[in-house]
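The primary structure of each chain is shown beneath.
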Amino acid sequence: MIYTINKDQDTFEIDDNVFFRNQSPKFQKVFSENQRTYNVALFDNCEVMVLSTDKIVVNDKIEDYE
């Protein structure tokens, strides 16, 4: 599946069927700069996790509705 991932003014189109090492160098750099623990990076509209197999998992942020 292709996701649109936002970080500040940057927008990336990420296909989760493509290994992390084959994603754009700019996305890899932004991921590394925003990486928290356990290979997870927080973006404006989602969290991205890179598994030990180099696969990407994208979790959309869910806004709290009250």
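As the structure is a prediction and not an experimental result, all values here were calculated from the model. (Residues numbered from 1 in each chain as written. Predicted model: local features only at pLDDT ≥ 70, side-chain atom pairs only at ≥ 80, totals over all residues. Heavy atoms only, no water.)

K.L.:
Just checking my understanding: could you explain the pattern of salt bridges for this structure?
P.N.:
Two side chains of opposite charge can pair, provided their charged atoms sit close to one another. Applying the stated criterion to the full structure yields 4 salt bridges. Taking the shortest distance from any N to any O, the salt bridge between R21 and D54 comes out at 2.8 Å. Taken together, the positions of R21 in the loop between β2 (10–15) and α1 (25–34) and D54 in the loop between β4 (46–50) and β5 (56–60) put the pair 33 residues apart, joining distant regions of the chain. Between R36 and E47 there is a salt bridge, with its nearest N and O atoms 2.9 Å apart. Here R36, found in the loop between α1 and β3 (40–42), pairs with E47, found in strand β4; they are 11 residues apart in sequence, far enough to count as distant. Looking at R36, the relative accessible area reads 43%, which means it is partly exposed. Judged by relative accessible area, E47 falls into the partly exposed class, the value being 27%. (Salt bridge = Lys/Arg side-chain N within 4 Å of Asp/Glu carboxyl O. Helix = DSSP H or I, 4+ residues; strand = E, 2+ residues; numbered from the N terminus. Buried < 20%, exposed > 50% of the residue type's maximum accessible area, 1.4 Å probe, protein only.)

K.L.:
What exactly am I supposed to notice about the side chain of K7 here?
P.N.:
With respect to the helices and strands, the residue K7 is situated in strand β1 (residues 2–7). Within the buried set, K7 has no salt-bridge partner at all; the shortest N-O distance to an opposite charge, 4.0 Å, is to D44. Leave out the neighbours within four places in its chain, and K7 touches V30, N34, L42, F43 and D44. (Lys, Arg positive; Asp, Glu negative; His and termini not counted. Contact = heavy atoms within 4.5 Å.)

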